[in-house]
Amino acid sequence: TGIGLVVCKRLVELMGGSIGVHSTVGTGTTVWIELNLTDAPVAPSAALAVQITAQVKLERGLPYATLLYVEDNPANMMLVEELVALRPELRLFSARNAAEGIDIARAELPDVILMDLNLPGISGAQALRLLAADPATLHIPVVAMSANAMQSDIDRGLDAGFFAYLTKPIKVNVFWATLDQAFRFAKTPDTPAVAEEPA
């Protein structure tokens, strides 16, 4: 129907590129795009890896905040690890599925949990219900993160009891504004458990 090409055209143009089509009846169609070159992403340095490891090994009692990220996508996990590495006051725990995340949450009692919604086995929403039913973890603000970015998806997430709802791809300023708000709430749980809209 050509709908896909319309979407592709808009996406390419938003990235400052152009798209074109060459078609020959009975032979086939070639679709091409042109995009500006950019430098390849820089891999985390060894120093950054050491910094991440050092954060995980911090002893309890030191002034840091703890974040548990439950995510089955390695690329998303790596991105959040790199973001957290820029904040030396944060300690990151990670889990690849909801069951593992729930176990870590009960053992470590993190200040904030960042939860992907589309997890294998137990979904993020089901994991939230299990955490909320446990007196040890019910006080922990859980922030949803999902590629489902329709307003109806966000509303369902907030109605389910998530502290806030982040959409993928991650917008770094919104990501930090939301997590900082969740950390503030974790330190003062008598405040309303509703996140404000990040600016």
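What counts as what
- Here the residue numbering is sequential within each chain, running from 1 through the sequence in written order.
- Reporting of local features is limited, given that this is a predicted model, to residues whose pLDDT is at least 70; pairs of side-chain atoms are given and counted only at 80 or more, and all residues count toward the totals for whole chains, interfaces and linings.
- Side-chain figures throughout are based on the complete set of non-hydrogen atoms in the structure, without hydrogens or water.
- Cavities and pockets were defined on a 1 Å grid built from protein atoms only: a cavity is a group of points that admits a 1.4 Å probe but offers it no way out, a pocket is an open group of points flanked by protein on both sides within 12 Å along at least five of seven lines, and a lining residue is one with an atom within 4 Å of any such point.
- Grid points are joined across faces, edges and corners, and a volume is the space filled by probe spheres set on the points.
- Only runs of H or I of at least four residues qualify as helices and only runs of E of at least two qualify as strands under DSSP, and these elements are numbered from the N terminus.
- Working definition: with a 1.4 Å probe on protein chains only, accessible area under 20% of the residue-type maximum means buried, over 50% means exposed, and in between means partly exposed.
- Our arc is simply the arc of the directions from the helix axis toward the C-beta atoms.
- Two residues form a contact once any of their heavy atoms are found within 4.5 Å.
- As used in this structure description, the phrase polar contact means that two N or O atoms lie within 3.5 Å; if the pair is within protein, one of them must be able to donate a hydrogen and the other to accept it, and residues adjacent in sequence are counted only when both atoms belong to side chains.
- By convention, a stacked pair of Phe, Tyr or Trp rings (six-membered ring in the case of Trp) has centres within 6.5 Å and planes under 30 degrees apart, an edge-to-face pair has planes over 60 apart, and any other such pair is tilted.
- Throughout this description, the term nonpolar core refers to a set of buried Ala, Val, Leu, Ile, Met, Phe, Trp, Tyr and Cys residues connected via side-chain atoms within 4.5 Å.
- To estimate the expected span of a helix, subtract one from its residue number and multiply by 1.5 Å.
- Where helices are involved, their axes are fitted lines through C-alpha atoms of the stretch in contact, as for all axes, and angles between N-to-C directions lie from 0 to 180°.
- The labels follow the angle: roughly parallel below 35 degrees, roughly antiparallel above 145, roughly perpendicular from 65 to 115, and oblique for the rest.
- Throughout, a crossing is termed right-handed when the near helix is turned clockwise from the far one, and left-handed when it is turned anticlockwise from it by less than a right angle.
- Think of it as three bins: nonpolar holds Ala, Val, Leu, Ile, Met, Phe, Trp, Tyr, Cys and Pro, charged holds Asp, Glu, Lys and Arg, and polar takes everything else, Gly as well.
- One bridge is not enough; two strands pair if DSSP finds at least two bridges between them.

Colleague: Account for the layout of surface pockets, naming residues and giving values.
Modeller: Within this model, the second largest pocket holds a volume of roughly 190 Å³. Together, 14 residues line the second largest pocket, and Leu128, Leu138, Ile140, Val142 and Gly161 are the ones closest to its centre. With 3 residues, the top contributor of residues to the lining of the second largest pocket is helix α5 (residues 124-132).

Colleague: Residue-level account of the environment of Asp103, with values.
Modeller: Here Asp103 lies in helix α4 (residues 98-108). Judged by relative accessible area, which is 52%, Asp103 ranks as exposed. Sequence spacing of Asp103 and Leu131 is 28 residues, and the spatial spacing of their C-alpha atoms is 9.9 Å.

Colleague: Can you explain α4? Please cite residues and give values.
Modeller: For α4, the full list of buried residues reads Ala98, Gly101, Ile102, Ile104 and Ala105. Buried residues of α4, viewed axially, fall in a sector of 165°; they line one side. Of the exposed residues in α4, the ones pointing more than 90 degrees away from its buried face are Asp103 and Ala107. Where α4 is buried, its residues meet β3 (65-70), β4 (90-95), β5 (112-116) and α5. The opening residue of α4 is Asn97, an N-cap whose side-chain oxygen sits 3.2 Å from the backbone nitrogen of Ala99. Backbone geometry just after α4 places Leu109 at a positive phi near 50°.

Colleague: How would you summarise the packing of aromatic side chains if you had to cite specific residues and measurements?
Modeller: A ring pair, where both rings are aromatic, is described by two values, the distance of the centres and the angle of the planes. Across all of its chains, the model carries 2 aromatic pairs by this definition. Ring centres of Phe163 and Phe185 lie 5.4 Å apart, and the angle between their planes is 35°; on these two criteria the pair is classed as tilted. Taken together, the residues Phe163 in the loop between α6 (151-160) and β7 (164-167) and Phe185 in helix α7 (residues 172-187) connect sequence positions 22 residues apart. The buried category is assigned to Phe163, whose relative accessible area is 6%.

Colleague: Outline the nonpolar core, supporting the account with residue identities and numerical values.
Modeller: Within the largest apolar cluster, 23 residues are counted, with the highest numbers of intra-cluster contacts made by Leu67, Val80, Leu114, Val143, Phe175 and Leu179. Counting only elements with at least two residues in this core, the list comes to β3, α3 (74-85), β4, β5, β6 (142-146), β7 and α7. A per-element tally of this core places α7 first, with 6 residues. With sequence-adjacent residues up to four places away left out, Leu67 is seen in contact with Val84, Arg91, Leu92, Phe93, Pro110, Val112, Ile113, Leu114, Leu179 and Phe183.

Colleague: So what about α7? Which residues, and what values?
Modeller: With 16 residues, α7 ought to run about 22 Å at 1.5 Å a step, and its terminal C-alpha atoms sit 22 Å apart, in line with that. Regarding α7, the residues found buried are Phe175, Trp176, Thr178, Leu179, Gln181, Ala182, Phe183 and Phe185. Along its buried surface, α7 packs onto β3, α3, β4, β5, β6 and β7.

Colleague: Could you give an account of the packing of α4 against α5, with specific residues and numbers?
Modeller: The N-to-C vectors of α4 and α5 enclose an angle of 25°; their axes lie 10 Å apart at closest approach. One way to sum up the angle between α4 and α5 is to call them roughly parallel. The element α4 and its partner α5 pack so that their crossing is right-handed. For the pair α4 and α5, the contacting residues are Ala98, Ile102, Ala105 and Arg106 in the first and Ala127, Leu130 and Leu131 in the second. For the contact of α4 with α5, the class distribution of residues is 6 nonpolar, no polar and 1 charged.

Colleague: I'd like a description of the sheet that holds β4, backed by residues and values.
Modeller: Strand order across the open sheet formed by 5 strands is β4-β3-β5-β6-β7, with parallel pairing between neighbours. Across the chains shown, the open sheet's two edge strands, defined by having one partner strand only, are β4 and β7. Ignoring which end each strand starts from, the neighbouring axes of this sheet average 20° apart. Pairing of β6 with β7 involves 4 bridges; the strand directions are parallel. Bridge pairing links Ala144 to Tyr165 in β7. Packed onto the sheet, α5 meets β5 and β6 and runs at close to 150° relative to β5. Where α7 meets the sheet, its contacts fall on β3, β4, β5, β6 and β7, and the angle it forms with β5 comes to roughly 135°.

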